[in-house]
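If you want the building blocks of each chain, they are given just below.
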Protein chains: 4
Amino acid sequence: MNLLKEMPLTEESPHTKQGGMKEFRTFSVHTSKGEAFTVFNTKNKEITQFVENNEACSTIRPAVPYILASRLIKDTPTVVYLPHNVSIGGTQVCLIAGPCSIESEEQMMETARKVKLAGAHVLRGGAFKPRSSPYAFQGMGEEGLLLLRKAGDAYGLPIITEVLDADDIPLIAEYSDILQVGARNCQNFSLLKKLGRTGRPVLLKRGMMTTIEELLLSAEYILSEGNMNVILCERGIRTFETETRNTLDISAIPVLKAKTHLPVIVDPSHASGDWKLIAPLSSAAIAAGADGLMIEVHNSPETALCDGNQSLKPEKFGRMVDTLTPLTEVMGRTL
Amino acid sequence: MNLLKEMPLTEESPHTKQGGMKEFRTFSVHTSKGEAFTVFNTKNKEITQFVENNEACSTIRPAVPYILASRLIKDTPTVVYLPHNVSIGGTQVCLIAGPCSIESEEQMMETARKVKLAGAHVLRGGAFKPRSSPYAFQGMGEEGLLLLRKAGDAYGLPIITEVLDADDIPLIAEYSDILQVGARNCQNFSLLKKLGRTGRPVLLKRGMMTTIEELLLSAEYILSEGNMNVILCERGIRTFETETRNTLDISAIPVLKAKTHLPVIVDPSHASGDWKLIAPLSSAAIAAGADGLMIEVHNSPETALCDGNQSLKPEKFGRMVDTLTPLTEVMGRTL
Amino acid sequence: MNLLKEMPLTEESPHTKQGGMKEFRTFSVHTSKGEAFTVFNTKNKEITQFVENNEACSTIRPAVPYILASRLIKDTPTVVYLPHNVSIGGTQVCLIAGPCSIESEEQMMETARKVKLAGAHVLRGGAFKPRSSPYAFQGMGEEGLLLLRKAGDAYGLPIITEVLDADDIPLIAEYSDILQVGARNCQNFSLLKKLGRTGRPVLLKRGMMTTIEELLLSAEYILSEGNMNVILCERGIRTFETETRNTLDISAIPVLKAKTHLPVIVDPSHASGDWKLIAPLSSAAIAAGADGLMIEVHNSPETALCDGNQSLKPEKFGRMVDTLTPLTEVMGRTL
Amino acid sequence: MNLLKEMPLTEESPHTKQGGMKEFRTFSVHTSKGEAFTVFNTKNKEITQFVENNEACSTIRPAVPYILASRLIKDTPTVVYLPHNVSIGGTQVCLIAGPCSIESEEQMMETARKVKLAGAHVLRGGAFKPRSSPYAFQGMGEEGLLLLRKAGDAYGLPIITEVLDADDIPLIAEYSDILQVGARNCQNFSLLKKLGRTGRPVLLKRGMMTTIEELLLSAEYILSEGNMNVILCERGIRTFETETRNTLDISAIPVLKAKTHLPVIVDPSHASGDWKLIAPLSSAAIAAGADGLMIEVHNSPETALCDGNQSLKPEKFGRMVDTLTPLTEVMGRTL
C-alpha cells in the first residue's frame, strides 16, 4: 500500500515552508512506513486515524520517543542557513562570539570588529538576561537588540540573542537571525512551541539537568510545529565537581550526532566558567565532532556586567582561532 | 537617621495590597537598616540611590542574595490563606491530593469525594500538562479547569493546577485558588514575574537541578513583584541513583525552614515515582518539619493517562492519612 | 528431585556458625529450588556443577544480582545481637553515639558517661581515620582502641570503630564489637571479603556514589563469606546541592527495607555536615523506618580534631533523644 | 635564614631513591620557603616544629591541600619512564591497550601482537578484577599475571595490571611494570600508602565520585611515602545522564595539567561503556592535552568475559590510531 496515493500530504505540510528543508517535504511524501505521521497527529485527524489503524505505523514508537529529530527520518545532516553566507551543520565549523550582555554601542562595535577580524562567523550578545536573582542586571532590552543588529550589519555578521519571554518573540525575531533558548528554558514547552511557529532558526541549549533524550524531545517540540531550523548546544551539566562551573559532557557530541541530523555546537564558556579552559575545551569539542562553538568574548572582561571571568579578550580569541585552524583541517573541516 | 521619616513607603508599597501579608507592610515601614530597600531598586530611583549612598545598607548584600524570602526580613512563618478555611504554613499540615491529569468529570468527582473523606484539604489536578514529549497527552485545557472547579466546589476543597504558559494566567486564575509552577519552569523568570503580579497564591516547585539558593531566588522573583503568597515545594532532585525517579532531598525542609518564612511542602509522588514509597516518605517529610504534602491520588491508577505508577488509590491514601495523624500530633501539629 | 538428599550441606555450611542466624542454616538445607546454591559456587565444584546442569536453578539469576542479602532468601528481618543486651534490627531503634575521633581518655570517658545517660546504646569513636589528605590527623591507632574499649566497658556500651586496612582486622576485632566499613571503602572488595571471614558484626556504610544495588552487592561480598551480621548505613550521597555536605537519600531506607532483611541505619551527621540538621533528619529517618541512628557527639565540638561542625554536644543529644522518643513510639518501636 | 644549612635533608629523603625524579631531590635540598617540609611532618619532629614556628612556612597551607602533587613544588612535567623505551608524560602520547580481563594465553598473545602492530606502547590486562558482584568472574590471578608478562615480553610492551588487595603488591610488582589503582579504590588510603612504599609506577584512576582535589590528595598519599612515579587517569564520573555509563569529565584534563606536574591520561572505554564512542572521545582527550589513552581492545568482544560492549577489535583500534596520528601531530606531540 502506498501512503502517498491515499494522502497527498505535500501541499498542506507545514514543513514545506522552510527553505533549505526540502528533505523534510520529500520525507513526508515518500515514506510509506507510517512512522512520520505520528508527528502530524495533532493537526490532521485522518492521518492520526490512519496511524492508529495501521499496525506498521505503531512499531516505531518504542524505538525512539522523538521522531522528526531522529536519524530514522532523515539521515543527512541538517544545515541551517544564515545571512552573509554563513551556515551551521555543513563542512565549516561555525564560530559564534560576543559578550554575555550587550552593554553599550562602543562595546558592541569594537567587539564585532575584533571578533570578525579574528574569524568569527556569528555575533552573540544578550539583551534579555536570565539571572538567578531578580536584583541582578536584566539586560538592555530592545535598545540592546538595536545595538547588536547595528554591530552585526556593520561587520557582516549574522546575530544571535536569547528569548526569555514568548511575548518578546515578534520583537526579537525582527532583529535577530537566530533565536536562542537558554538552559533554564530547555523544558519551557510553551516557549518551544511558539518558537516552532516562527520561521527563524532556533539555538536550543541543553538544560543543566536535561538528559540527551530530553534535549531531543525539547527539539521535537520546535520541529513538530514546523520549524526545522534547530541547532542544539551542549553547555555543561550539573555534577558534584566544583572545579568547573558545570561539567562539559563531551560525549554528548558523538551521542547526539549519532541520534539526530540536527547540528550540535558547544559552549565552553558556560560549561567551564573559566576563560583559561576555553581553548582546550574548544579543541576537544572540534575533535569530538562539534559543528560549532559559542564563545564569550568581551573587550574588557574585568568590567563586564556579567560573566567576566569566563570571557576571552578579543586578542586571546584570535590566537585561539589560529590554533584551532589546523586541528579543524585534520578533522576534515574548515574554520 | 530614621529612614521612616524620610521616605513614607507605606502608601505606594505593592506589598500592602496582600491580605494576610500585613507584616510586610510593617517591615517596609519600620526598618531603618536599609536592607529591605534593595528590593525596590528597580521601581524607585530615589531609594536605590539612598541604599547606594548608605554604608549600612550595602552590608547585607553578601549575606543572602534573596531578601524578601529571607528570615532576616520576616521571622514569623508566612501563612497562605485559602477558601474553605484552609491555610498552608500554620499549625495544620496541609494535604493536597488528586490525580496527575484531569481526565473526566466522573474521575474528578469520585476522586474529590474520596480524598475529602480521607482528610485532604486541597484538590489537585493537571489541565495543562508539561510533558517531555510533544506527542504525549497534553491535558484537557479549559475543559479540565471547569471539571476541577466543579469537583472542588462540590466537596468544599480549594483547588490547585499548573500554569505552563504565562498567557494562560488570567484564565487559570479565574478558576484556581493556587497557581502551580512546575519543576521545569522553576527558573522561567518571565513566568515567575507575571505570577508575581497576580494576587493568587503560587506553589513553586523546586527544579530537578535547582539548588536551594536558586529556589529561594526564584521565589524572590514572585515576591519582589508584590505577591507574598508563595509556597515552596520540594519534589526530588536528579542524582545518579536510579531506584527512585528522583532523590527526595529531605534535608531541604529544615534548611529552607531556617532560611525562609515561606511554607515548605513535599511532593513524595514525583520524588519517588513509586506509590509504595509514598507513605514512608510522607512520614519522613512531616517528621522533618514539612508544612504539607502534595500526593497523587487516582481512582484507577492502572488506567491513568500519566504517572499511574506513582498514584495511590483513594483507599490507600485514606489509610495513610490515618497513620500520619498520630505522627503529626507528636510533631505538635494537626492534620 | 530433592537436593537435600543429594548434598547434605548443613554440616559444612559456613552459615551455621552464626548465632541468631539459624534461618540461614535452614535455608541452605531446605531449599530445593537451587537459587541459594549459586552462593557457594566458588567453594564447592559439585554444587556449582549441579546448579549449571539444573535448569530451575538458573532462573533466579536475572531477578536480583544479590542473593543472600535478598528478601527472596529470607523474609524475616535480620537482628544483629551485641553485648549488653543491645541489638540492631529488632523493635528497638538503636542509637550509636560518640565522637568522630578518639582524642583522649578524659574525652572518651566523659562522652561515654553522658551519651549513656542520654539513652545511647552503642559507643562510637574513630581510632584509624580515613582522611582525604595524608597530612590530616590519622587517628590514635591502638591506643585509641584501648580508650574506646575502656569507656564502653565502664558504661555498659558495646563499641564500634572503623577498619581502614585489612591488616588491622585481628587487632580491631580484639577490641571492637562492631567493625565499621567507611563510605570510601564501600567497594573495597578485598576488605569486604576478609571481614566476611570474621564472626564480628560489620556496619557497612554506603559510598558517596554507590547505588542501592551496589551497596547490596557489597553486603553480599561479606555475606557470601559466611558472616551474616551485616548492618547497612545510609550516610548521604553526592549531588550538586552544596547547602549540605551530602544529600541524605531518605528513600533508600524504605527501598532497602523492601529488598533486604538486613538492618538499615542512618548517619545524619555525615549526611548533613551540620549539627543543626541532625535532629530533623533523625526524626525523618525514624519516620521512614530506620533501625537505628549513628550520631556524632563530642563533649567539646569547638576543639574537636575533626568534624566539629557536625557534632552535637551531649546535652543537645540528650534533648534530641527526648523528642525522638514519642515519635519512635508512634512508629510502633522503642528507643 | 637558610634552611639548607640547618637541616641537611638530602641524605635521608625518601625521594632521592627514585631515578628520574632528580628534581624532587633538588627541591628538598634547595628550598628555603618551608612549603615542602610540611610533607615530612609525620617523620621528623624537628622539621614540623620549624615549620610551625616559621611564619613563611605556614602561608602555603591554605593555597592547596596537596603539596608534592602541586605545581608550586615542581613546575616541569613529571615523566614516568618504563621499559622498552616507553615513557608517560613526555612528548609522546602513550597508548595503553589490551583486554579488560586476561582470559587465555592465545587471547593475550594475539591481542599483544595486534595492538603492538597497531601502535600501542603498553599492554593492559586484568588478573584480579574488581566486580560489583561476588559471583562475577574475579580474574585468573597469578596465572593471568604470567600470561600478561609473557605476552608483553614477546612483543616488547611494558605491562600494567590492577592491584585490588595490598597483600598482592609484592606478587604483582614482580610481574607488572605499572601498578593500577581502580576507581573504587581511589580513596582506599591504606592501599595508596603501601603503593607509595614500592618503587613501581602507579596509575591512579579517579573514583566515580571523586573530585579533582580529592584525586590529587589521593596521589599525595602515594607521593608522600616516597614514590614519585604516579600517573593520573580520568575515567568518567557519575552523573544523572544514562546514555553513557559515566560522564567523561574532559575539563579535568586541563584543570589537572594546570595544578599538577603528574601525567594525566584518559580511559574512554570505561567513561563511555560503548566502543562506538571511543574514537571521538580519544580525539577529544588528545585535543584537550591528555598524555595518554587507556583503551580496551579484545580480539573477540562478543565472547569477552567482561566489558565486551566497550571493547574495540584490534583492527578498529588500528584504524583509530591512524586517525589520531595527524591530530596528535597538530597538538605538537607524537603517537
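Rules and cut-offs
- Think of each chain on its own: its residues are numbered from 1, step by step along the sequence as written.
- All chains are assigned letters beginning with A, and all ligands numbers beginning with 1, in the order in which they are written.
- Residue-level local features of this predicted model are given only where pLDDT is at least 70; pairs of side-chain atoms are given and counted only at 80 or more, and the full residue set underlies all totals for whole chains, interfaces and linings.
- Strands here are runs of E lasting at least two residues and helices are runs of H or I lasting at least four, both read from the DSSP assignment and numbered beginning at the N terminus.
- With C-beta atoms placed from the backbone, a residue counts as buried when 20 or more other C-beta atoms lie within 10 Å of its own, as exposed when 12 or fewer do, and as partly exposed for counts between those limits.
- Each residue gets a C-beta atom placed from its backbone, and two residues are in contact if those atoms lie within 7 Å.
- For two strands to be treated as a pair, DSSP must find at least two bridges joining them.
- Here, axes are lines fitted to C-alpha atoms. For helices the fit covers the stretch in contact, and angles between N-to-C directions go from 0 to 180 degrees.
- Gly is put with the polar residues, along with every residue not named as nonpolar or charged; the nonpolar set is Ala, Val, Leu, Ile, Met, Phe, Trp, Tyr, Cys and Pro, and the charged set is Asp, Glu, Lys and Arg.
- For this classification, under 35 degrees means roughly parallel, over 145 means roughly antiparallel, 65 to 115 means roughly perpendicular, and everything else is oblique.
- Multiplying one less than the number of residues by 1.5 Å gives the expected span of a helix.
- The arc in question is the one spanned by the directions pointing from the helix axis to the C-beta atoms.
- To superpose the copies, least squares is applied to the C-alpha atoms of every residue with a pLDDT of at least 70 in both.
- Seen with its strands pointing away from the viewer, a crossover is right-handed if its path from the first strand over the helix to the second goes clockwise.
- Should the near helix be turned anticlockwise from the far one by less than a right angle, the crossing is termed left-handed; should it be turned clockwise, right-handed.
- For every residue, the predictor assigns a confidence score, pLDDT, that lies between 0 and 100.

1. Comments concerning the overall build of chain A
Assigned secondary structure in chain A consists of 13 helices and 10 strands. Expressed as a percentage of its 335 residues, the buried residues of chain A come to 57%. In chain A, the share of contacts with a sequence separation of at least 24, taken over all contacts with a separation of at least 6, comes to 65%.

2. Let's talk about the pairing of strand β3 (residues 94-98) of chain D
All names here are of chain D. With 5 of its 5 residues buried, β3 lies for the most part within the structure. Burial along β3 is two-sided: the residues Cys 94, Ile 96 and Gly 98 and Leu 95 and Ala 97 are all buried. Here β3 pairs with strand β10 (residues 292-296) via 5 bridges, running parallel. Paired with Cys 94 across the bridge in β10 is Gly 292.

3. Some remarks on the sheet that holds strand β4 (residues 122-124) of chain D
Spatially, β3-β4-β5-β6-β7-β8-β9-β10 (chain D) is the arrangement adopted by the 8 strands of the closed barrel, whose pairing is parallel. Averaged over all adjacent pairs, the angle separating strand axes in this sheet is 25°, with direction ignored.

4. Focus on the interface of chain C and chain B
The interface is formed by 30 residues belonging to chain C together with 31 residues belonging to chain B. Elements with a contribution of two residues or more to the side of chain C that touches chain B: α10 (252-259), α12 (278-287) and α13 (314-330) of chain C. With 5 residues, the single largest contributor to the side of chain C that touches chain B is α12(C). Here the side of chain C that touches chain B is built from residues that sort into 18 nonpolar, 9 polar and 3 charged.

5. Points about the sheet that holds strand β3 (residues 94-98) of chain C
All names here are of chain C. If you walk around this closed barrel you meet the 8 strands as β3-β4-β5-β6-β7-β8-β9-β10, and the pairing is parallel. Within this sheet the neighbouring strands show an average axis-to-axis angle of 25°, counted without direction. Lying over the sheet, helix α9 (residues 212-223) contacts β7 (202-205) and β8 (230-234), oriented at roughly 160° with respect to β8.

6. Points about the packing of helix α8 (residues 189-196) of chain C against α9(C)
All names here are of chain C. It is the contact of α8 with α9, at a shortest axis distance of 7 Å, that shows an interaxial angle of 45°. By the angle between their axes, α8 is oblique relative to α9. Contact residues: α8 offers Phe 189, Leu 192, Lys 193, Leu 195 and Gly 196, while α9 offers Ser 218, Tyr 221, Ile 222 and Leu 223. Looking at the contact of α8 with α9 residue by residue, the classes come out as 6 nonpolar, 2 polar and 1 charged.

7. A closer look at the environment of Val86(C)
Residues and elements named next belong to chain C. Along the polypeptide, Val 86 turns up in strand β2 (residues 86-88). Each C-alpha atom, one on Val 86 and one on Cys 100, is 21 Å from the other, the two residues being 14 residues apart in sequence. Leaving out residues up to four positions away in the same chain, Val 86 has contacts with Cys 94, His 121, Val 122 and Pro 158.

8. Some words on helix α6 (residues 142-155) of chain A
Residue and element names in this part refer to chain A. Here α6 contains 14 residues, and its C-alpha end-to-end distance of 20 Å stays within 8% of the 20 Å for a straight helix at 1.5 Å per residue. Considered for burial, the residues of α6 that qualify are Gly 144, Leu 145, Leu 147, Leu 148, Ala 151 and Gly 152. In an axial view of α6, the angular spread of the buried residues amounts to 165°, which keeps them on one side of the axis. Next to the buried residues of α6 lie α5 (105-118), β4 (122-124), β5 (159-162) and α7 (169-175). Where α6 ends, the next residue or the one after it, Gly 156, has phi of about 65°, a positive value.

9. Points about the relation of the copies chain C and chain B
Rotating chain C by 180° and moving it 0.0 Å along the rotation axis overlays it on chain B with an RMSD of 0.0 Å. Read as a symmetry element, the transformation amounts to a two-fold axis. If distances are taken from each C-alpha of chain C to the rotation axis, the shortest is found for Ala284(C), at 2.0 Å. The residues that chain C uses at the interface reappear at the interface of chain B in 100% of cases, marking a shared surface.

10. Remarks on the pairing of strand β3 (residues 94-98) of chain A
All names here are of chain A. In this sheet, β4 lies alongside β3 in parallel orientation, the contact comprising 2 bridges. Directly across from Ile 96, in β4, lies its bridge partner Val 122. Of the crossover connections in this fold, the one passing from β3 over α5 to the parallel β4 is right-handed.

11. So, the packing of helix α12 (residues 278-287) of chain A against helix α13 (residues 314-330) of chain A
How two helices sit against one another is set out by the angle between their axes and by the gap between those axes. Residue and element names in this part refer to chain A. Closest axis-to-axis distance for the α12/α13 pair is 10 Å, and the angle between their directions is 20°. When the axes of α12 and α13 are compared, the pair comes out roughly parallel. Where α12 crosses over α13, the handedness of that crossing is right-handed. Here Ile 278, Ala 279, Ser 282, Ser 283, Ile 286 and Ala 287 of α12 come into contact with α13, specifically with Met 320, Thr 323, Leu 324, Leu 327 and Thr 328. For the contact of α12 with α13, the per-class residue count stands at 7 nonpolar, 4 polar and no charged.

12. As for the interface of chain C and chain D
The interface of chain C with chain D comprises 24 residues on the first partner and 24 residues on the second. If you list the elements that add at least two residues to the side of chain C that touches chain D, you get α8 and α9 of chain C. With 4 residues, the single largest contributor to the side of chain C that touches chain D is α9(C). Its residues assigned to classes, the side of chain C that touches chain D comprises 10 nonpolar, 9 polar and 5 charged.

13. Comments concerning the confidence of the model for chain A
Caution applies to low-pLDDT regions: their predicted coordinates should not be interpreted in detail. Residues and elements named next belong to chain A. For chain A, per-residue confidence averages 84 on the pLDDT scale, and residues scoring 70 or more make up 81% of the total. Here residues 1-48 scores under 50 on pLDDT; set against residues more than four positions off or in separate chains, the count is 69 contacts. For this predicted complex, the interface score ipTM comes out at 0.85, alongside a pTM of 0.87.

14. Side note on helix α8 (residues 189-196) of chain D
Residue and element names in this part refer to chain D. Of all 8 residues that make up α8, 6 are buried, and the element is covered over most of its length. Regarding α8, the residues found buried are Phe 189, Ser 190, Leu 191, Leu 192, Leu 195 and Gly 196. Where α8 is buried, its residues contact α7 (169-175), β6 (178-181), β7 (202-205) and α9 (212-223).

15. What about the environment of Thr247(B)?
In this fold, Thr247(B) is placed in the loop between β8 (230-234) and α10 (252-259). The buried category is assigned to Thr247(B), around which 26 C-beta atoms lie within 10 Å. Residues Thr247(B) and Pro268(B), 21 residues apart in the sequence, show an inter-C-alpha distance of 9.8 Å. Residues within four places of Thr247(B) in sequence aside, it is in contact with Gly236(B), Ile237(B), Thr239(B), Glu241(B), Thr239(C), Thr247(C), Asp249(C) and Ser251(C).

16. Points about the environment of Ser224(C)
All names here are of chain C. Checked against the element boundaries, Ser 224 lands in the loop between α9 and β8. For Ser 224, a count of 26 C-beta atoms within 10 Å translates into the label buried. Sequence separation between Ser 224 and Ala 69 is 155 residues, and the spatial gap between their C-alpha atoms is 9.1 Å.

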